[in-house]
Amino acid sequence: MSLIRINHLCKTYRMGEVEVSALQNIAMKITAGEKLALYGASGSGKTTLLNIIGCIDAPTSGEVRYRDTVLDYSARRQLSQFRLQQIGFVFQSYNLMPVLSAYENIEYPLLLTDKSKSERARLVDYMLKSIALDKFKNHKPKQLSGGQRQRVAIGRALVNKPTLVIADEPTANLDVVTSKQILNLISDLNRTEKNTVIIATHDPLVRDYVDRSVMIRDGKIREVEDV
Ligand SMILES: Nc1ncnc2c1ncn2[C@@H]1O[C@H](COP(=O)(O)OP(=O)(O)OP(=O)(O)O)[C@@H](O)[C@H]1O
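Residues numbered from 1 in each chain as written. Predicted model: local features only at pLDDT ≥ 70, side-chain atom pairs only at ≥ 80, totals over all residues.

Under an unreviewed UniProt entry, the name given to the protein chain is ABC transporter ATP-binding protein, and the source organism is Fodinibius halophilus. The annotation that UniProt attaches to the protein chain under Sequence similarities (unreviewed entry) is "Belongs to the ABC transporter superfamily. Macrolide exporter (TC 3.A.1.122) family." (UniProt positions renumbered as here; feature names shortened; annotations may be inferred.)

If you want it as structure tokens, here you go:
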């Protein structure tokens, strides 16, 4: 079953006289439960596409359908509620809050829900175990390695049990061994949490950890390759 269907999706950035056509007539389907890699050179449109799928940015034209619902990008409040409930983000630079501990960083998105303190504690403790960082729960980001920071970021993205996980270059700052650990963790959590994962990347390693790879070039999907 499709989780996401994208049709005729275009995004044009306008800066004064200059127009950049970042996405051109994208069409794709993403199946519920699959792990998809989105490959493409710098400037090819990966982040733009992820931001639109992730409800951070709106397309210029075209539609994104989640299950049977066409997203309404003009309904800002509804869209951010949808994003909070359904989507978890992992970024290249971790984007953790430096003053908060690993525990508090993971708890943070739950503070935006109506979950009680004890329910939050249960979810954060479960996630800390899942990412094998329960012994580091009181460490601040600067007291953690790059791989540990990315694990915290994954914990934060997944603690609210999103249906979709969007990872933008999650291994870009990591060495090969740590990258493999992070990709194994994303794969394990995809299995146990039954989420759907989209990873935008340049990293050839990612191909070994996904069900399908898609190539984006100059804002167009150019190649789909089953792996
Ligand atoms: N906010 C913006 N305003 C104007 N142009 C933009 C904006 N964001 C992206 N672009 C342009 O859109 C195109 C696609 O950019 P995008 O960031 O999606 O590429 P990318 O594949 O994610 O690149 P990278 O791998 O370097 O992150 C580029 O030409 C970029 O310059």
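## Some words on the nonpolar core
Core analysis: the biggest nonpolar cluster contains 59 residues, and Leu38, Ile166, Ile198 and Ile199 have the highest contact counts within it. Setting aside residues up to four positions removed in sequence, isoleucine 199 forms contacts with Ala37, Leu38, Ala167, Pro170, Val206 and Val210. (Core = buried A, V, L, I, M, F, W, Y, C linked by C-beta atoms within 7 Å. Buried ≥ 20, exposed ≤ 12 C-beta atoms within 10 Å, placed from the backbone. Contact = placed C-beta atoms within 7 Å.)

## Digging into the environment of phenylalanine 82
Relative to the assigned elements, phenylalanine 82 resides in helix α2 (residues 76-86). Owing to 16 C-beta atoms within 10 Å, phenylalanine 82 belongs among the partly exposed residues under this scheme. Remark: the alpha-carbon pair of phenylalanine 82 and leucine 71, spanning 11 residues in sequence, is separated by 9.5 Å. (Helix = DSSP H or I, 4+ residues; strand = E, 2+ residues; numbered from the N terminus.)

## Things to note about unusual backbone geometry
Peptide bonds are trans in most cases, and residues, glycine excluded, mostly fall at negative phi. Phi angles above zero are rare outside glycine, and histidine 8 is one such case at about 50 degrees. Tracing the sequence through the fold places histidine 8 in strand β1 (residues 2-15). Take histidine 8: there are 12 C-beta atoms within 10 Å of it, and that puts it in the exposed class.

## Side note on the pairing of strand β7 (residues 164-168)
Burial within β7 is extensive, with 5 of its 5 residues counted as buried. Side chains of β7 alternate between two faces, with Leu164, Ile166 and Asp168 and Val165 and Ala167 buried alike. When strand β6 (residues 87-91) meets β7, the two strands line up parallel, connected through 5 bridges. Looking at β7, one finds that phenylalanine 91 is bridged to aspartate 168. You can see the chain leave β7, run along helix α6 (residues 176-193) and come back into strand β8 (residues 196-201), and the turn it takes is right-handed. (Pairing = 2+ DSSP bridges. Right-handed = clockwise from strand over helix to strand, strands pointing away.)

## Here's the deal with the site of the ligand
Neighbouring residues of the ligand: Tyr13, Met15, Val20, Ala22, Gly40, Ser42, Gly43, Ser44, Gly45, Lys46, Thr47 and Thr48. Within the residue set of the shell around the ligand, elements represented by two or more residues are β1, β2 (18-31) and α1 (46-53). Sort the elements by how many residues they give to the shell around the ligand and α1 lands first, with 3 residues. Split by residue class, the shell around the ligand holds 4 nonpolar, 7 polar and 1 charged. (Near = placed C-beta within 6 Å. Nonpolar A, V, L, I, M, F, W, Y, C, P; charged D, E, K, R; others polar.)

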